[in-house]
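Architecture at a glance
Here's the letter readout for the chains.
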Amino acid sequence: MFDESITNYGGEDTELAIRLHKKYPKGMRKLTGINAYHITEKTVEQHIENMFEYGKYNFFKIITKHPDYKNDLGYQWTKSIKGRVLFNPFNQLICKFLLKFLNHPLLIKFLVIDAFIRGVKNKS
C-alpha cells in the first residue's frame, strides 16, 4: 500500500519499492538494465514541473523514513560540487535552448533531473 502521507506528485511508488525491498531483500529482483516508458498526455514542461514538486515536497519524506537509501535516490547530487557544476541555471538554459532544435531524450532527462534537484534545494 502506498504511503498516504505522500500527497503531492511523485515518490509513492519509490517509497513502496523501498519497503518491499526491505521486507524481501532476496525475494525481489532489481533490474538495472531495463527501460520503462510511461505513456502520458503530459507535456515535457508538465513532467518537469512534477519532478520539481517531487523534489520539493516528497523526497525528504522518503529519505527521512529511509535514510539508508538517500544516496541511491540521488541526494548526493543536491549537495556536491559535481552536482553544482552540472546542474545550474546556465546549463538549464542551454539545455532548454537546445531542446527547441533537438528533441533528444538526454536533454529531457537532464531537465527532469535538474528540476528534481531544484525542488530539493528549494525545500532545504
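So, how was this worked out
- Residues numbered from 1 in each chain as written.
- Predicted model: local features only at pLDDT ≥ 70, side-chain atom pairs only at ≥ 80, totals over all residues.
- Heavy atoms only, no water.
- Helix = DSSP H or I, 4+ residues; strand = E, 2+ residues; numbered from the N terminus.
- Buried < 20%, exposed > 50% of the residue type's maximum accessible area, 1.4 Å probe, protein only.
- Contact = heavy atoms within 4.5 Å.
- Expected span 1.5 Å × (residues − 1).
- Arc of directions from axis to C-beta.
- Axes fitted to C-alpha atoms, helices over the stretch in contact; angles between N-to-C directions.
- Left-handed = near helix turned anticlockwise from the far one by under 90°.
- Nonpolar A, V, L, I, M, F, W, Y, C, P; charged D, E, K, R; others polar.

1. Quick look at the environment of F59
- With respect to the helices and strands, the residue F59 is situated in helix α2 (residues 44–65).
- When its relative accessible area of 0% is taken as the criterion, F59 is described as buried.
- Beyond its immediate stretch of four places on either side in the chain, F59 contacts Y54, K70, L73, Y75, F116 and V120.

2. Some points on helix α1 (residues 12–23)
- Between the first and last C-alpha of α1 there are 17 Å, a value that for twelve residues agrees with the 16 Å anticipated at 1.5 Å per step.
- Considered for burial, the residues of α1 that qualify are E15, L16 and I18. The buried residues of α1 occupy one face: seen down the axis, they fall within an arc of 155 degrees.
- Close packing links the buried residues of α1 with α2.

3. Topic: the packing of α2 against helix α6 (residues 105–123)
- Look at α2 against α6: their axes get within 7 Å of each other, and the N-to-C directions meet at 35 degrees. Note on packing geometry: the crossing formed by α2 with α6 is right-handed. Packed against α2, whose contacting residues are V44, H47, I48, M51, F52, Y54, G55, K56, F59 and F60, the element α6 presents I108, L111, V112, A115, F116, R118, G119, V120, N122 and K123 at the interface.
- Split into classes, the residues belonging to the contact of α2 with α6 amount to 13 nonpolar, four polar and three charged.

4. Some thoughts on the side chain of Q92
- Mapped onto the elements, Q92 comes out in helix α5 (residues 89–101).
- For Q92, a relative accessible area of 12% puts it in the buried group.
- Contacts of Q92, omitting those with residues within four sequence positions, involve F110, L111, D114 and R118.

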